[in-house]
Amino acid sequence: SLMAWILSHYSDVQHTILDPFMGSGTTGVACVQLGRKFTGIEIERKYFDIACKRIEQAYAQQRLFV
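A few points on the structure. For clarity, every value in this text was computed on a predicted model and none was experimentally measured. (Residues numbered from 1 in each chain as written. Predicted model: local features only at pLDDT ≥ 70, side-chain atom pairs only at ≥ 80, totals over all residues. Heavy atoms only, no water.)

1. A few points about the state of the cysteines
One pass over the structure, following the stated rule, counts 0 disulfides. Cysteine Cys 31 is unpaired, with the sulfur of Cys 52 as its nearest cysteine sulfur at 14 Å. The class for Cys 31 is buried, based on a relative accessible area of 0%. (Disulfide = S-S within 2.5 Å. Buried < 20%, exposed > 50% of the residue type's maximum accessible area, 1.4 Å probe, protein only.)

Below, the structure written as structure tokens:
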């Protein structure tokens, strides 16, 4: 929720957010929730796979509140 708050206050919907150290994909999930475009980079395959799964799940969830 912290990353979603930061992105909602410091970016606009038309912005693309770059996370060069994606880790488990928290920034990507926040971008999905807020309707931002997202580009993430992760060197560790393990964390890249985790991030992809989390971001896919975020897209699959229905947004109940805007």
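2. Overview of the pattern of salt bridges
Tallied over the entire structure, the rule returns 1 salt bridge. Measuring nitrogen to oxygen at the nearest pair gives 3.1 Å for the salt bridge that ties Asp 49 to Arg 45. Of this pair, Asp 49 and Arg 45 are both found in helix 3 (residues 45-60), 4 residues apart, which corresponds to roughly one turn of the helix. (Salt bridge = Lys/Arg side-chain N within 4 Å of Asp/Glu carboxyl O. Helix = DSSP H or I, 4+ residues; strand = E, 2+ residues; numbered from the N terminus.)

3. Concerning the side chain of Arg 36
Mapped onto the elements of the fold, Arg 36 is located in the loop between helix 2 (26-34) and strand 2 (37-40). Buried charge without a salt bridge: Arg 36, with Asp 12 as the nearest opposite-charge side chain at an N-O distance of 5.7 Å. Polar side-chain contacts of Arg 36 include one of 2.9 Å to the backbone oxygen of Leu 34. Leaving out residues up to four positions away in the same chain, Arg 36 has contacts with Leu 7, Ser 8, Ser 11, Asp 12, Val 13, His 15, Ile 17 and Cys 31. (Lys, Arg positive; Asp, Glu negative; His and termini not counted. Polar contact = N/O pair within 3.5 Å; in protein donor to acceptor, adjacent residues only side chain to side chain. Contact = heavy atoms within 4.5 Å.)

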